[in-house]
Amino acid sequence: MHKQVADLARTEGLVLRGAFEIPAFDREDVLSPARTLVLLGWTGTDSWHVFASSPEAKDGNNDALDRWSRRVIDRIATKVQASALYPFDGPPWFPFQRWAQLAEPVFVSPLRILIHPDWGLWHSYRGALSFADLLEIPARVDRVNPCSLCEAKPCLLACPVSAFSPADFEATACATHISSQVGESCVTRGCRARNACPIGVPHRYTLDQAAFHMRAFRSAY
C-alpha cells in the first residue's frame, strides 16, 4: 500500500512525505478509528509545473492551490480507500507540523517553518491520508537538525523589517512591508529570510513559485 500511495501521488504531482502509526491520543479525537497517517506534499520545484498548468491555477478564483490539493488528494483517497485530511480545513486545524515531525526528519527552524536536512525550507504538506488499518511503513530515519549546526543564522538577519526573531514572527510587519512599493521585490523574488538559508539551495523555489506563495500570504492579510 505504501508504494501504491507513493506511485499515485507521483502521478498527481505530489510526493509521499512520510507515514506513521497514529498515536493513541490522536485516535481518541478526530482520527478515530484510523491507525496510519500518510502525508502528501511537495519537495523543491519538481511538481510546481503540474499545479501551474492545472484548471485551478488558471481560473482566477481564490484558493487555487487548496482547491487543486483537495481535488487530487481526494482522488487518491478514493483509490486507496482512505480518508483525506487537509491543513487548510478548520478551525479546528489539524496539527500538520506535529504530524510531519512524526513522519520524517523535519525540525522547527528559526523562521517557524519546518526545515528538512536535504530540502531545506523548500517543501510543503498539502494533505494527508488516514487509514483504518495499521499499514506496513518504512521506519522513520533520524537526522541532525541542520539549524543546530548553523551558527550565523542568516535567516534572522535578512528580513528588511526584522519580522523574525528567536521569540516571534511579526506577521503584520511582514504583510505591511510586502504590500508597499518598497517591499515588492520580496514578493517577486521571494522571502529574503527564507532565501538566506544555506540548506537546500538547489531546491529553492523558482521565481514564479515563490511569488505565488508570497502573494497568497499577502492576500491573507
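Up top is the structure these notes are about.
Read on for an overview of the structure. Just so you know, these numbers come straight off a predicted model, no measurement behind them.

A few words on the nonpolar core. Core analysis: the largest hydrophobic core is formed by 26 residues, its most contacted members being Val-5, Leu-14, Val-38, Leu-40, Leu-129 and Phe-131. For this core, the elements supplying multiple residues, two or more each, are helix H1 (2-11), strand S1 (15-21), strand S2 (36-43), helix H3 (48-52), helix H5 (64-80) and strand S6 (123-131). Of all the elements, H5 adds the most residues to this core, at 8 residues. Aside from chain neighbours lying at most four places away, what touches Val-38 is Val-5, Leu-16, Gly-18, Ala-19, Gly-127, Ala-128, Leu-129 and Phe-131. Counting 17 residues, the second-largest nonpolar core is a separate cluster that includes Ile-115, Val-187, Ala-193 and Met-214.

We now examine the side chain of Ser-69. Along the polypeptide, Ser-69 turns up in helix H5. We classify Ser-69 as buried; its relative accessible area is 0%. Within the structure, the side chain of Ser-69 is placed 2.8 Å from the backbone oxygen of Leu-65, a separation counted as a polar contact. Excluding its chain neighbours within four sequence positions, the residues that come into contact with Ser-69 are Asp-74, Tyr-86, Phe-88 and Arg-126.

Excluding glycine, most residues fall at negative phi; most peptide bonds, likewise, are trans. The linkage connecting Gly-90 with the following residue, Pro-91, adopts the cis geometry, with an omega of 0°. Locating Pro-91 in the fold gives a position in the loop between strand S3 (83-85) and helix H6 (96-103). Each neighbour pair has its own omega, and for Pro-91 with Pro-92 the value is -5°, a cis peptide bond. Tracing the backbone shows Pro-92 in the loop between S3 and H6. One non-glycine residue with positive phi stands out, namely Arg-112, at about 75°. Its place among the elements puts Arg-112 in the loop between strand S4 (107-108) and strand S5 (114-115). Although it is not a glycine, Lys-153 sits at a positive phi angle of roughly 50°. Checked against the element boundaries, Lys-153 lands in the loop between S6 and helix H7 (171-178). When its relative accessible area of 25% is taken as the criterion, Lys-153 is described as partly exposed.

The next subject is the packing of aromatic side chains. Evaluated as defined, the whole model comprises 14 aromatic pairs. Taking 6.1 Å as the distance between ring centres and 55° as the angle between the ring planes, the aromatic pair formed by Trp-42 and Phe-51 counts as tilted. By way of ring pairs, the aromatic residues Trp-42, Trp-48, Phe-51, Trp-68 and Phe-212 are connected into one cluster. Geometry around Tyr-86 places Arg-70 over its ring, the cationic atom sitting 4.9 Å from the centre.

Here we take up helix H10 (residues 207-219). Look at H10: 18 Å from first C-alpha to last across 13 residues, which is about the 18 Å you get at 1.5 Å a residue. On the buried face of H10, the contacting elements are S2, H3, H7 and helix H8 (184-189).

How each quantity is defined
- Residues numbered from 1 in each chain as written.
- Predicted model: local features only at pLDDT ≥ 70, side-chain atom pairs only at ≥ 80, totals over all residues.
- Heavy atoms only, no water.
- Core = buried A, V, L, I, M, F, W, Y, C linked by side-chain atoms within 4.5 Å.
- Buried < 20%, exposed > 50% of the residue type's maximum accessible area, 1.4 Å probe, protein only.
- Helix = DSSP H or I, 4+ residues; strand = E, 2+ residues; numbered from the N terminus.
- Contact = heavy atoms within 4.5 Å.
- Polar contact = N/O pair within 3.5 Å; in protein donor to acceptor, adjacent residues only side chain to side chain.
- Phe/Tyr/Trp six-rings, centres within 6.5 Å; stacked < 30°, edge-to-face > 60°.
- Lys NZ or Arg CZ within 6 Å of the ring centre and 35° of its normal.
- Expected span 1.5 Å × (residues − 1).

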